[in-house]
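Residues per chain are reported as follows:
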Amino acid sequence: MSELFVQAAVVVFLYFMGFFLVAQLIRNNSIVDMGWGAGFIVLTMTTLLLQGTYTERSLLVAVLVLVWGGRLSYHIVRRNWGKPEDFRYANWRKEWGRWLVPRAFLQVFMLQGALMLVIAYPIILINAYPEPGLTYLDFLGLAVWLVGFYFEAVGDKQLARFKQDPSNKGHIIKTGLWKYSRHPNYFGEATMWWGIFLLALSSPFGWSALISPLVITGLLLFVSGVPMLEKKYKDNPEFQAYARVTSKFFPWIPRKEGR
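Residues numbered from 1 in each chain as written. Predicted model: local features only at pLDDT ≥ 70, side-chain atom pairs only at ≥ 80, totals over all residues. Heavy atoms only, no water.

A. Here's a closer look at a nonpolar patch on the surface. A contiguous nonpolar patch, built from Val6, Val10, Phe13 and Leu14 and spanning about 370 Å² of accessible area, is present on the exposed surface. Position of Leu14 relative to the elements: it lies in helix 1 (residues 2-26). (Patch = residues over 30% accessible without salt bridge, like charges linked within 9 Å, V, L, I, M, F, W, Y side chains within 5 Å. Areas by Shrake-Rupley, 256 points an atom, 1.4 Å probe, with all protein chains shown as cover. Salt bridge = Lys/Arg side-chain N within 4 Å of Asp/Glu carboxyl O. Helix = DSSP H or I, 4+ residues; strand = E, 2+ residues; numbered from the N terminus.)

B. Examining the packing of helix 2 (residues 34-51) against helix 3 (residues 56-80) more closely. Put simply, helix 2 and helix 3 touch, their axes get as near as 6 Å, and they point 155° apart. Judged on the interaxial angle alone, helix 3 and helix 2 are roughly antiparallel. In this structure, the crossing between helix 2 and helix 3 has a hand that is left-handed. For the contact of helix 2 with helix 3, the residue count by class is 15 nonpolar, seven polar and no charged. (Axes fitted to C-alpha atoms, helices over the stretch in contact; angles between N-to-C directions. Parallel < 35°, antiparallel > 145°, perpendicular 65-115°, else oblique. Left-handed = near helix turned anticlockwise from the far one by under 90°. Nonpolar A, V, L, I, M, F, W, Y, C, P; charged D, E, K, R; others polar.)

C. Just the packing of helix 5 (residues 100-119) against helix 6 (residues 121-128), in detail. Relative to each other, helix 5 and helix 6 sit at 50°, their axes nearing to 4 Å. Between helix 5 and helix 6, the angle falls in the class oblique. Contacts between helix 5 and helix 6 involve Leu117, Val118 and Ile119 on the former and, on the latter, Tyr121, Pro122 and Ile124. (Contact = heavy atoms within 4.5 Å.)

D. Region of the structure containing the packing of aromatic side chains. For the structure shown, the criterion picks out 20 aromatic pairs. Relative to Phe105, the ring of Phe20 has its centre 5.1 Å away and its plane inclined at 70°; by these criteria the two rings are edge-to-face. Highlighted residues: Phe20 in helix 1 and Phe105 in helix 5, separated in sequence by 85 residues. The buried category is assigned to Phe20, whose relative accessible area is 9%. An aromatic cluster of three or more residues is present, and its members are Tyr150, Phe151, Phe187, Phe249 and Phe250. (Phe/Tyr/Trp six-rings, centres within 6.5 Å; stacked < 30°, edge-to-face > 60°. Buried < 20%, exposed > 50% of the residue type's maximum accessible area, 1.4 Å probe, protein only.)

E. Representation of the nonpolar core. Counting 61 residues, the largest nonpolar core has Phe40, Leu43, Trp68, Trp193 and Phe249 as its most contacted members. Here this core takes 10 residues from helix 8 (residues 184-200), the largest share from any one element. Not counting chain neighbours up to four residues away, the residues in contact with Phe249 comprise Ser181, His183, Tyr186, Phe187, Ala190, Leu220, Leu221 and Val226. Listed in part, the seven residues of the second largest apolar core include Phe162, Ile173, Trp178 and Tyr242. (Core = buried A, V, L, I, M, F, W, Y, C linked by side-chain atoms within 4.5 Å.)

F. Representation of unusual backbone geometry in the model. The phi dihedral of Arg27 falls on the positive side, at around 55°, and the residue is not glycine. As for its position among the elements, Arg27 is in the loop between helix 1 and helix 2. Unusually for a residue other than glycine, Phe205 sits at a positive phi of about 65°. If you trace the backbone, Phe205 turns up in the loop between helix 8 and helix 9 (211-222).

So, in structure tokens, the structure goes:
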């Protein structure tokens, strides 16, 4: 396990180093987002091939990561291609000044690489200990993953369709899955990793994979996901009215105004 994890770390380092070098050439650190989903595919396939044992569980996880990572990368590339640097990274570019390059290297690219290793830990664990057969936990994990994938994929599609309509410019989406959660796509992302965790439970030391869904859920809820986006809309009256009646993260029935 330790050897496979070190090999995975080397692959992730080289992967994000490549993105870092390109980002400096084009002066756009937000391209790191384009590599997030694809990075998990690279890591998953590398550890699977290095281990060289293919079981039902390891192949199932590889397919799930391929579907999720491929869709996410395509979605982000299509959304960001040809556009200026994302507002979050542009703000950091101004704040960091002459320390931009070293801080971007450590706090954007290498940090994302480290987080990828932690979040992908259940995948590395499954590939390191190729246990044959599937259990009820695997089918439960698959069901949870499918729920998460639905919320992320459909939520992203609904938001993209909303933004394509010129009449919606300056407005907040409040329909579809967004009626029940202010961030259904983030909820879906976290839910998928809880599903992967359940798949890892049948492996030796599977309980240790709990770190993965805890980290991604914490990041999305308290650090880089929900807080950063909601800060952007803190002075938007329409968003504040929407926030008063709509669950922040977990999908739920909208509240009535005044309650």
